[in-house]
Amino acid sequence: MVADRSGTARMAGGLYLLVIMTGVFVMLYAPSRLYVPGDAAATAARILAREGLFRAQQAVALVSELLFVALALLLHRLLADVDRAHAALMVGIVLLTAPLAFLSVAFGAGTLGLLRGAEALAAFEPRQREALALLLLQVEQEGLPVTTLLWGAWLLPLGHLVRRSGFLPPLLGAWLVVNGLAYAAMGAAGLLFAQGLQTVSVFARPLLLGELVFALWLVTRGVRTHPLPSAGAVSRGGRP
C-alpha cells in the first residue's frame, strides 16, 4: 500500500513539474516574444514573423491543460482516502478550467486566421484585420482573472488534503493554501481593476513557489513510510 502510494506521489510530482514548465512557456515565455501591449500592428508583425512559436504556444496550452486534468486525477487517487468530499471538489474545480483553456486556444486560432487574411476576409483592410486580431487577444486576456481565480481555488482543497494526510508534511499543505489565496487575490484584483492582476502578482510571486516546492517534494521524497497521525485522527484522540 505504501509502495503504491509512493509511486502515485512520484508520478503526480512529475506531472506537476510538466504542468509548471508548460505553463511558464504558455504564460510567460511565448507572450514575451509575441505580444506588444496596445500595439496591434507590432503584435501582428511578431505573430506572423514567429508563426511557429505562436502555433507552439497554442499546442502546448492544450497539452498543459490535459496534463493538469491528469494531475488532478492522480492527486485524487493519492488523497481521496483523506477526505473524499475535498478530493472531489479539487477535481471538479480543475475540470472547470478546461473549457476556458480550450476557448483560449480557439481565440488563438481565430487570431492567426485574421492575420493571415483568408479569402473570406478580403473585404477587410490589413489594419482592420490587425485590430480584430488584437481584439481577440484582448478578450482572451480579459478571461485570465477568472482562470487565475480557479487556479487559486483548486489549491485550497489540495492544501487541506495534504495538511491532513499524515504522509505528507503539513507545512506543504499550509503553503499550498497560501499559494491558492495569492492566486485568488490576483484574480480578484484583475476583475476589479484594469491592471490589478499584474500589480498584485508583483507582490504575490514569492508565495506562488508553493506548487513548485510541493511538486519537487513528491518527485524526490514521495510519501512518508510511517505516516504521522492525521489532523482528524489527532482530534479524535489519535484513534484511526
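Residues numbered from 1 in each chain as written. Predicted model: local features only at pLDDT ≥ 70, side-chain atom pairs only at ≥ 80, totals over all residues. Heavy atoms only, no water.

### Thoughts on the overall build of the protein
Looking only at helices and strands, the protein features 10 helices and 0 strands. The secondary structure elements of the protein, listed N-terminal to C-terminal, are α-α-α-α-α-α-α-α-α-α. In the protein, which comprises 240 residues, the share counted as buried stands at 42%. Here the contacts in the protein between residues at least 6 apart in sequence split such that 75% fall between residues at least 24 apart. Just so you have it, the protein exposes about 12,400 Å², and 68% of that area is on carbon and sulfur atoms. (Helix = DSSP H or I, 4+ residues; strand = E, 2+ residues; numbered from the N terminus. Buried < 20%, exposed > 50% of the residue type's maximum accessible area, 1.4 Å probe, protein only. Contact = heavy atoms within 4.5 Å. Areas by Shrake-Rupley, 256 points an atom, 1.4 Å probe, with all protein chains shown as cover.)

### Here we look at the pattern of salt bridges
Applying the stated rule across the entire model yields 3 salt bridges. Aspartate 4 serves as the salt-bridge partner of arginine 77, at 3.2 Å between the closest nitrogen and oxygen. With arginine 77 in helix H3 (residues 51-79) and aspartate 4 in helix H1 (residues 2-34), this residue pair connects regions lying 73 residues apart in the sequence. Classification of aspartate 4 by relative accessible area gives partly exposed; the value is 42%. Arginine 55 is the salt-bridge partner of glutamate 51, the closest N and O atoms lying 2.9 Å from each other. Here glutamate 51 pairs with arginine 55, and both are found in helix H3, just 4 residues apart, close to one helical turn. (Salt bridge = Lys/Arg side-chain N within 4 Å of Asp/Glu carboxyl O.)

### What about the confidence of the model for the protein?
Parts of the prediction with low pLDDT should not have their coordinates interpreted in detail. The share of residues in the protein with pLDDT of 70 or more is 87%, and the mean pLDDT across the chain is 86. Across the protein, helix H9 (residues 210-221) holds the top mean pLDDT of 96, while helix H10 (residues 231-235) sits lowest at 44. Throughout residues 230-240 the model reports pLDDT below 50, and contacts reaching past four residues in sequence, or to other chains, amount to 9 contacts. (pLDDT = per-residue confidence, 0-100.)

### So, the packing of helix H7 (residues 170-192) against helix H8 (residues 196-204)
Look at H7 against H8: their axes get within 7 Å of each other, and the N-to-C directions meet at 155°. Viewed along their axes, H7 and H8 adopt a mutual orientation that is roughly antiparallel. Between H7 and H8 lies a crossing of right-handed hand. Counted together, Ala182, Ala185, Met186, Ala189 and Gly190 of H7 and Gly196, Leu197, Val200, Ser201 and Ala204 of H8 form the full contact between these two elements. (Axes fitted to C-alpha atoms, helices over the stretch in contact; angles between N-to-C directions. Parallel < 35°, antiparallel > 145°, perpendicular 65-115°, else oblique. Left-handed = near helix turned anticlockwise from the far one by under 90°.)

### Some thoughts on the packing of helix H4 (residues 84-116) against helix H6 (residues 144-165)
For the pair H4 and H6, interaxial distance at closest approach is 9 Å and the crossing angle is 160°. The orientation of H4 with respect to H6, classified from their angle, is roughly antiparallel. When the axes of H4 and H6 are compared, the crossing they make is left-handed. Residues His86, Ala87, Leu89, Met90, Ile93, Val94, Leu96, Thr97 and Leu100 of H4 pack against Val146, Thr147, Leu150, Ala153, Trp154, Pro157, Leu158, His160 and Leu161 of H6.

### Notes on the packing of aromatic side chains
Applying the stated criterion to the full structure yields 5 aromatic pairs. Centre to centre, the rings of tyrosine 16 and phenylalanine 214 are 6.0 Å apart; their planes meet at 85°, and the pair counts as edge-to-face. Placement of tyrosine 16 in helix H1 and of phenylalanine 214 in helix H9 is noted, with a sequence separation of 198 residues between them. Aromatic pair phenylalanine 68 and tryptophan 154: ring centres 5.1 Å apart, planes at 80°, arrangement edge-to-face. Here phenylalanine 68 is found in helix H3, whereas its partner tryptophan 154 is found in helix H6, with 86 residues between them in sequence. Through a chain of ring-to-ring contacts, three or more aromatic side chains come together here, namely Tyr16, Phe68, Trp154 and Phe214. Directly above the ring of phenylalanine 167 sits arginine 5, whose terminal nitrogen or CZ lies 4.2 Å from the centroid. We note arginine 221 situated over the ring of tryptophan 217; from NZ or CZ to the ring centre the distance is 4.6 Å. (Phe/Tyr/Trp six-rings, centres within 6.5 Å; stacked < 30°, edge-to-face > 60°. Lys NZ or Arg CZ within 6 Å of the ring centre and 35° of its normal.)

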